[in-house]
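Observations on the three-dimensional arrangement
Listed below, chain by chain, are the residues.
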Amino acid sequence: YKLNIGADFIFADSLPADADLSGYKLICVPALYSAPESLLNQLLRYEEEGGTLVSSFKTAFTDENVKVYHDEAPHILSKAFGVSYSQFTIPQQVAVDGIGGGAEADTWMEMLIPEEGTEVLGRYEHPYWKAYAAVTRAHYGKGTGYYIGCHTGESAINALMLEAAKTAGLPLENAGCPVTVRESVAEDGRKVLFFLNYSPEEKSFTLPAGENLLTGEKYPEGAPVTLKDWGWLILRKD
């Protein structure tokens, strides 16, 4: 949301077993603790066929009846992320180096053991847990999988999601905009951008070339603009 990347929701309960997920460039799986093997195999196949898959801790731990899978976690998806673990704990004063710049792990952490070829994007800074990975990236088939093995701060998550979005080839021209940006398409096929300042403070940024649909004002590429508190601007791109 804060990177201004449009999102859809996939409702697993109503997802057909033969559903085609290839239309998604990036799929995020947050704490999918309970999931049937059929769904996990769908996600694995999605990455194998070229998708980018991001998952958090506590994913693929039990089946649909909340029976713990007997092998190392994450069940089936260990292939997608190139990691496995059998130990986890509640962190106390544990920093995560690497991605996100020294973020703190809190609430939950898994001791990830990366496979050969898996890239470690973050490790635990702790005298007992430093041998384990906290955040990883791996390739499976034609796709890429990111795994976040701990609960951590917003800066680390933003950094990881930006990296995953780049891997997936998502458009990121609005990722750094300080206001919320949403997109649509006009009848003539031109892109329409909605800039929404959901805050009590003025926000300044630059615009792509286009026309203000509310005032008719035209902006060149890189034109500076300031939105007042709770203000908005609707721009049709050239």
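Each helix and strand counted, the protein chain has three helices and 18 strands in total. Considering only C-alpha atoms, the protein chain reaches an extent of 65 × 45 × 30 Å along its principal axes. Looking at the protein chain as a whole, 44% of its 238 residues qualify as buried. Considering only intrachain contacts with a sequence separation of at least 6, the fraction spanning at least 24 residues in the protein chain is 58%.

Under the defined criterion, the tally for this structure stands at six aromatic pairs. With 5.9 Å between their ring centres and 75° between their planes, phenylalanine 61 and phenylalanine 88 make a pair best called edge-to-face. Residue phenylalanine 61 is found in the loop between β2 (52–56) and α2 (78–81), and its partner phenylalanine 88 is found in strand β4 (residues 88–89); the two are separated by 27 residues along the sequence. Since its relative accessible area comes to 38%, phenylalanine 88 is described here as partly exposed. Each member of the aromatic cluster is reached from another via a ring pair, and the members are Tyr33, Phe61, Phe88 and Trp108.

Read across the open sheet, the five strands follow the order β12-β13-β18-β15-β16; overall the sheet is antiparallel. In this open sheet, the two strands that pair with only one neighbour each are β12 (180–185) and β16 (218–219). Alignment of strand β15 (residues 210–212) against β16, held across two bridges, turns out to be antiparallel. Bridge pairing links glutamate 211 to lysine 218 in β16.

The subject of this paragraph is the environment of leucine 162. In this structure, leucine 162 sits in helix α3 (residues 154–168). Exposure remark for leucine 162: the relative accessible area of 26% places this residue in the partly exposed category. Among residues more than four places away in sequence, those in contact with leucine 162 are Leu3, Leu172 and Ala175.

Here we come to the environment of aspartate 238. Take aspartate 238: it is sitting in the segment after β18 (232–237). As a C-alpha pair, aspartate 238 and glutamate 211 span 27 residues in sequence and 7.3 Å in three-dimensional space. Among residues more than four places away in sequence, those in contact with aspartate 238 are Arg190, Ala209, Gly210 and Glu211.

Quick notes on the rules
Residues numbered from 1 in each chain as written. Predicted model: local features only at pLDDT ≥ 70, side-chain atom pairs only at ≥ 80, totals over all residues. Heavy atoms only, no water. Helix = DSSP H or I, 4+ residues; strand = E, 2+ residues; numbered from the N terminus. Buried < 20%, exposed > 50% of the residue type's maximum accessible area, 1.4 Å probe, protein only. Contact = heavy atoms within 4.5 Å. Phe/Tyr/Trp six-rings, centres within 6.5 Å; stacked < 30°, edge-to-face > 60°. Pairing = 2+ DSSP bridges.

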